[in-house]
Amino acid sequence: MKNVATLADVSFKTVSRVVNGEPGVSRQLEERVTAAIAELGYQPDHGARNLRRTTPQSATVGVIHANISNPFMAAVHGAFEAVAAAHGCLILSGTSLEQAERHDELIQAFTGRRVDGLLIVPVGAPTDQPSELLEREIKRGTPVVFIDRDPGFPADVVMSDHRGGAELATQHLLDHGHHKIAFLGSREHVHSVVERRAGFEAVMRGAAANRAVADRAAVITDLRTPDDAAKAVHELMSLSPGQRPTAIFSAQNGLTLGAVRALHTLGLQHDIALVGFDHIDSADIVDPGITTVPQNAKEVGQRAGELLFSRLAGDLAGPVREIVPVTLVRRGSGEIPAPT
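In this text the structure is predicted, and so the values were computed from the model without any measurement.

Reading the values: the criteria
Think of each chain on its own: its residues are numbered from 1, step by step along the sequence as written. Selection of residues for local features in this predicted model requires a pLDDT of at least 70, selection of side-chain atom pairs for listing and counting requires 80 or more, and totals for whole chains, interfaces and linings are taken over all residues. Just so you know, side-chain values use all the structure's heavy atoms and leave hydrogens and water out. Numbering of helices and strands starts at the N terminus; helices are DSSP runs of H or I of at least 4 residues and strands are runs of E of at least 2. Surface accessibility follows the Shrake-Rupley procedure with a 1.4 Å probe radius. Residue values consider only the protein chains on display as shielding. Asp and Glu are treated as the negative residues and Lys and Arg as the positive ones, with His and the ends of the chain left uncounted. Lys charges are placed at NZ, Arg charges at CZ, Asp charges at CG and Glu charges at CD. Here's how the labels work: a residue is buried when its accessible area is under 20% of the maximum for its type, exposed when over 50%, partly exposed in between, all with a 1.4 Å probe on protein chains only. Expected helix span is taken as 1.5 Å per residue step, with the number of steps being one fewer than the number of residues. Residue contacts are counted whenever heavy atoms from the two residues lie within 4.5 Å of one another. Stacked, tilted and edge-to-face are the three classes assigned to paired rings of Phe, Tyr and Trp, where Trp is represented by its six-membered ring and a pair needs centres within 6.5 Å; plane angles under 30 degrees give stacked, over 60 edge-to-face, the rest tilted. We count a charge as sitting over a ring when the NZ of a lysine or the CZ of an arginine lies within 6 Å of the ring centre and within 35 degrees of the ring normal. To get an axis, fit a line to the C-alpha atoms, keeping to the stretch in contact for a helix; angles then go from 0 to 180 degrees between the N-to-C directions. Crossing handedness is read from the near helix: turned anticlockwise from the far helix by less than a right angle, it gives a left-handed crossing, and turned clockwise, a right-handed one. Each residue gets one label: Ala, Val, Leu, Ile, Met, Phe, Trp, Tyr, Cys and Pro are nonpolar, Asp, Glu, Lys and Arg are charged, and the others, such as Gly, are polar. DSSP calls a pair of strands paired once it identifies at least 2 bridges connecting them. The cut-offs work like this: below 35 degrees is roughly parallel, past 145 is roughly antiparallel, 65 to 115 is roughly perpendicular, and the gaps in between are oblique.

Engineer: Whenever I open this one, the overall build of the protein confuses me. Can you help?
Structural biologist: On a plain count of helices and strands, the protein comes out with eleven helices and eleven strands. Overall size of the protein, expressed as C-alpha extent along the three principal axes, is 85 × 40 × 35 Å. Total accessible area on the protein is roughly 16500 Å²; 51% of this is exposed by carbon and sulfur atoms. Here the protein contributes 33 positively and 40 negatively charged side chains, and the mean placements of these two sets differ by 3 Å.

Engineer: Explain unusual backbone geometry to me, please; I cannot follow it from the model alone.
Structural biologist: Excluding glycine, residues mostly have negative phi values, and the peptide bonds linking residues are mostly trans. A cis amide bond links aspartate 287 to the next residue, proline 288, at an omega of 0 degrees. The topology assignment puts proline 288 in the loop between β9 (273–277) and β10 (291–293). With a phi close to 60 degrees, aspartate 9 is a non-glycine residue in the positive phi region. When you line up the elements, aspartate 9 lands in the loop between α1 (2–8) and α2 (12–19). Positive phi is not limited to glycine here, since aspartate 278 has a value of about 90 degrees. The residue aspartate 278 is located in the loop between β9 and β10 in this model. According to the relative accessible area criterion, aspartate 278 is buried, its value standing at 6%.

Engineer: Quick question: what am I supposed to make of helix α11 (residues 297–312) here?
Structural biologist: Helical periodicity: at 3.6 residues per turn, an α-helix aligns residues three or four positions apart in one direction. With 16 residues, α11 should cover 22 Å at 1.5 Å per step; its first-to-last C-alpha distance of 23 Å lies within 8% of that length. Where α11 is concerned, the buried positions are Ala297, Val300, Gly301, Ala304, Gly305, Leu307, Leu308, Phe309, Arg311 and Leu312. Tucked inside the fold, the buried residues of α11 contact β1 (60–65), α4 (71–86), β3 (117–120), β4 (144–147), β5 (156–160) and β11 (321–324). Positive phi shows up at glycine 314, right after α11, with a value of about 110 degrees.

Engineer: Looking at this model, I keep getting lost on the environment of glutamate 167. Mind explaining?
Structural biologist: Note that glutamate 167 resides in helix α7 (residues 162–175). Not counting the four nearest positions on each side in its chain, glutamate 167 is found in contact with Gly199 and Val203.

Engineer: How should I be thinking about the packing of aromatic side chains in this particular structure?
Structural biologist: The geometry of an aromatic ring pair comes down to the distance between the two centres and the angle between the two planes. Within the structure shown, the criterion is met by five aromatic pairs. Pairwise contacts between aromatic rings join Phe183, Phe200 and Phe249 into one cluster. Against the face of phenylalanine 277 rests arginine 196, its NZ or CZ located 3.9 Å from the ring centre.

Engineer: Got a minute to help me understand the packing of α7 against helix α8 (residues 191–209) in this structure?
Structural biologist: When two helices pack together, their arrangement is given by the angle between the helix axes and by the axis-to-axis distance. Contact geometry of α7 with α8 gives a least axis separation of 7 Å together with a crossing angle of 40 degrees. With respect to the hand of their crossing, α7 and α8 are arranged in right-handed fashion. Contact with α7, carried on its side by His162, Arg163, Ala166, Glu167, Thr170, Gln171 and Leu174, involves Ser192, Glu195, Arg196, Ala198, Gly199, Phe200, Val203, Met204 and Ala207 of α8 and no other residues of that element. Within the contact of α7 with α8, the residues separate by chemical class into seven nonpolar, five polar and four charged.

Engineer: Mind showing me how you'd approach the sheet that holds strand β2 (residues 90–95) here?
Structural biologist: What links the strands of a sheet is backbone hydrogen bonding, and the strands pair in either a parallel or an antiparallel sense. Spatial strand order, β2-β1-β3-β4-β5-β11: six strands in an open sheet with parallel pairing. Edge positions in the sheet fall to β2 and β11, since each of these pairs with one other strand and no more. Pairwise comparison of adjacent strand axes, ignoring direction, gives a mean angle of 15 degrees for this sheet. Seen against the sheet, α11 touches β1, β3, β4, β5 and β11 and runs at an angle of roughly 170 degrees to β5.

Engineer: Honestly, the packing of helix α9 (residues 226–237) against helix α10 (residues 253–266) in this entry has me stumped. Any pointers?
Structural biologist: Where α9 meets α10, the closest approach of the two axes is 7 Å, and the angle between their N-to-C directions is 45 degrees. One element, α9, and the other, α10, form an angle in the oblique class. Classified by chirality, the crossing of α10 by α9 is right-handed. Taken together, the residues of α10 that come into contact with α9 (itself represented by Pro226, Asp227, Ala229, Ala230, Val233, His234 and Met237) are Gly254, Leu255, Gly258, Ala259, Arg261, Ala262, Leu263, Thr265 and Leu266. Partitioned by chemical class, the residues of the contact of α9 with α10 number ten nonpolar, four polar and two charged.

Engineer: Before we go on, may I ask you to explain the sheet that holds β10 in this structure?
Structural biologist: With parallel pairing, five strands are arranged side by side in an open sheet as β7-β6-β8-β9-β10. Both edges of this open sheet fall to β7 (216–220) and β10, since each of them pairs with a single strand only. Neighbour to neighbour, the strand axes of the sheet diverge by 20 degrees on average, direction disregarded. Looking at chain direction, strand β6 (residues 180–184) and β7 are connected through five bridges and run parallel.

Below, the structure is given as structure tokens:
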């Protein structure tokens with residue numbers, strides 16, 4: 001506030017009145033203060049009114065999820081929270097719901113309360129430039145660690161091996177004789193979805209190059225809910241026997257649930273092979289069990305926490321990119337052989 005007062009050439013009290021919406025300030029002075037605030041990127045410290053710090057840090061970090069209702073993100077948050085608790089740190093968290101405006105609102109709200117660092121699931125495509133608000137915080141030196149998705153610029157990021165996991169799943173289906181495989185994906189602009197589709201298509205291209213009969217794939221994306229996936233499966237299964245897929249790779253846990261529901265409704269759960277990316281709670285209580293490529297949410301959250309707190313402790317090394325490996329868990333659905 002002192003810097004704002006100096007730039008606007010007004011008193012500290014005038015700045016305080018403008019920031020707190022108090023009367024007694026002329027319109028001309030208010031405009032000068034507002035312009036100085038915008039130029040300096042000043043944000044009110046909401047915690048300063050009630051908190052007298054005994055250490056240089058407030059021991060608070062902000063976590064911005066894309067969708068906390070997703071079981072994977074909830075598990076990541078739990079693992080990160082354990083790391084934060086070990087450091088005596090409190091967490092502010094919010095969900096962007098994949099909306100850029102909401103994403104920036106949360107950044108502004110958290111930094112306005114002077115969090116010491118940020119853990120963020122990016123929104124948008126990796127090719128998108130960071131928002132002005134996020135870029136400003138990074139330039140200010142606020143430690144930021146991205147999780148689950150590549151932000152598209154050099155930064156600290158911890159995420160699963162999305163491409164490698166998709167390659168594992170696709171190759172597994174090929175190894176069981178399938179060459180007509182459907183891909184079910186969600187938002188096309190999301191980095192993790194892009195990587196999973198790329199892994200699927202790379203394996204399918206390689207298999208086609210080594211076969212007398214080219215492997216065929218049906219790629220369906222922009223599926224948002226389990227119901228969307230169920231509808232897509234119903235449409236695929238309505239194709240003629242020579243055209244419909246004999247196997248499905250579902251690239252997101254919610255979509256896997258929809259695919260399983262559709263196959264059971266159609267009575268095809270023992271005929272159409274299925275592998276899902278990421279863990280779902282019902283994987284081992286249906287018949288057949290659902291073969292999955294689960295992400296290691298605990299490790300993702302723990303590594304992200306350790307990286308963020310190393311930055312808060314003063315680690316100034318270059319950007320770190322940690323890829324957490326995944327494995328395939330056989331339960332039955334992915335081992336259904338292709339029809340002879």
